Amino acid sequence: MQPFIICHMISSIDGRIVPDRWTLPIDGVNRDSLVNQYYDVEKTYDADGWIIGRATASEHFVKTTELRKGTTNQFPREPYVAQNLTERLAIFMDPHGKLQYESADIEGDGIVAVLADNVADDYLQTLRDNGISYCFAGPDGRSIQKAVAVLGNTFRRRKLLLEGGGLINGAFLQAGAINEISLMIYPGVDGVSGIASSFDWVCATDNEPARGQALSPLHVEKRDNGVLRLKYKIEKTIP
């Protein structure tokens, strides 16, 4: 079973994704009231999991620790499913095992760490001790298709929301693992080059991470206070 993956993001009109940098709404409207529309739409998808990258996780949810070194031959590099697996999962893409968890869930959503094969055994032991599930995404942790397959076949996920940051979104885009894009446009501007955007795949300038994929529009909606909601299906095309 392959989970259906929707990349759900909110950005300024120039594609930047750091809300604190966006210009304020007109007529003194509170910026958070506009940004919170993102979470209102998120609930309508009825997803059984959400995916974020390490940087986003460490900014909003958990601490980052130093990279652990040690043996890698104690545990097989196979998925570990904790006993307390919940109906909805918080999936953190953390190849090097830098995230330091204080509990096994985020607001009731059980954590699944997606790691590289070469993460240290003592880090895996810590995850097990804390009741945290994990799986692997290849030698360097960048095999997105492998991780997606495990999330579907082992963790039985049917629909997942991919919610950033730009590096992880770009990696999923490059891997051809996104089925739909749900983009909300905040009526404001960032304006500075180099600020994180919805898709930030790091590669040579002649690389085309979205090559062979086209966007088919599904929905356009004007919401309160000038927020727009755009929805696209990703179609595979002949490169």
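Look a little higher up for the structure.
All of these numbers come straight from a predicted model, not from anything done at the bench.

1. Side note on the overall build of the protein
Right, so step 1: Secondary structure assignment for the protein yields six helices and 12 strands.
Right, so step 2: What you see for the protein is a C-alpha radius of gyration of 18 Å, in line with the 18 Å of a compact globule of 239 residues.
Right, so step 3: Considered along the principal axes of its C-alpha atoms, the protein spans approximately 60 × 45 × 35 Å.
Right, so step 4: Counting every position in the protein, which comprises 239 residues, the buried fraction comes to 46%.
Right, so step 5: Contacts in the protein between residues far apart in sequence, at least 24 positions, make up 71% of those at least 6 positions apart.

2. Points about the pattern of salt bridges
Proximity of charged atoms lets side chains of opposite charge pair with each other.
Right, so step 1: Taken as a whole, this structure holds 11 salt bridges when the rule is applied.
Right, so step 2: Among the salt bridges present, the one from Arg158 reaches Asp46, with a minimum N-O distance of 3.3 Å. Of this pair, Arg158 sits in the loop between helix 5 (144-153) and strand 9 (159-162) while Asp46 sits in the loop between helix 2 (37-44) and strand 2 (49-53), and the two are 112 residues apart along the sequence.
Right, so step 3: When its relative accessible area of 39% is taken as the criterion, Arg158 is described as partly exposed.
Right, so step 4: On the accessibility criterion, Asp46 (52% relative accessible area) is exposed.
Right, so step 5: The closest approach of N and O atoms between Glu208 and Arg211, which form a salt bridge, is 3.5 Å.
Right, so step 6: A cluster of three or more residues bridged by salt bridges with shared partners is formed by Asp46, Asp48 and Arg158.

3. Digging into helix 4 (residues 121-129)
Right, so step 1: Taken residue by residue, helix 4 has Asp121, Tyr123, Leu124 and Leu127 as its buried positions. Angular distribution of buried residues about the axis of helix 4 spans 160 degrees; they occupy a single face of the element.
Right, so step 2: Contacts made by the buried residues of helix 4 are with strand 5 (99-100), strand 7 (109-115) and strand 8 (133-136).
Right, so step 3: Gly131 sits one or two positions beyond helix 4 and adopts a positive phi of about 70 degrees.

4. Focus on the pairing of strand 11 (residues 213-222)
Right, so step 1: Pairing between strand 11 and strand 12 (residues 228-236): nine bridges, direction antiparallel. Residue pairing across strands places Ala214 opposite Glu235, the latter belonging to strand 12.
Right, so step 2: The antiparallel pairing of strand 11 with strand 12 creates a hairpin that spans five residues between the two strands, and Asn225 there sits at a positive phi of about 60 degrees.

5. Here's the deal with the nonpolar core
Right, so step 1: One finds Phe92, Tyr101, Leu115, Leu124 and Leu127 to be the most contacted residues of the largest nonpolar core, which totals 34 residues.
Right, so step 2: Of all the secondary-structure elements, those providing two or more residues to this core are strand 1 (4-11), helix 1 (31-35), helix 2, strand 2, strand 4 (89-93), strand 7, helix 4 and strand 8.
Right, so step 3: Not counting residues up to four positions away in its chain, the partners in contact with Leu124 are Phe75, Arg77, Leu115, Val119, Tyr134 and Phe136.
Right, so step 4: Within the second largest apolar cluster, 31 residues are counted, among which are Cys7, Cys135, Ala147 and Leu160.

What counts as what
- Residues numbered from 1 in each chain as written.
- Predicted model: local features only at pLDDT ≥ 70, side-chain atom pairs only at ≥ 80, totals over all residues.
- Heavy atoms only, no water.
- Helix = DSSP H or I, 4+ residues; strand = E, 2+ residues; numbered from the N terminus.
- Rg over C-alpha atoms; globule rule 2.2 N^0.38 Å.
- Buried < 20%, exposed > 50% of the residue type's maximum accessible area, 1.4 Å probe, protein only.
- Contact = heavy atoms within 4.5 Å.
- Salt bridge = Lys/Arg side-chain N within 4 Å of Asp/Glu carboxyl O.
- Arc of directions from axis to C-beta.
- Pairing = 2+ DSSP bridges.
- Core = buried A, V, L, I, M, F, W, Y, C linked by side-chain atoms within 4.5 Å.

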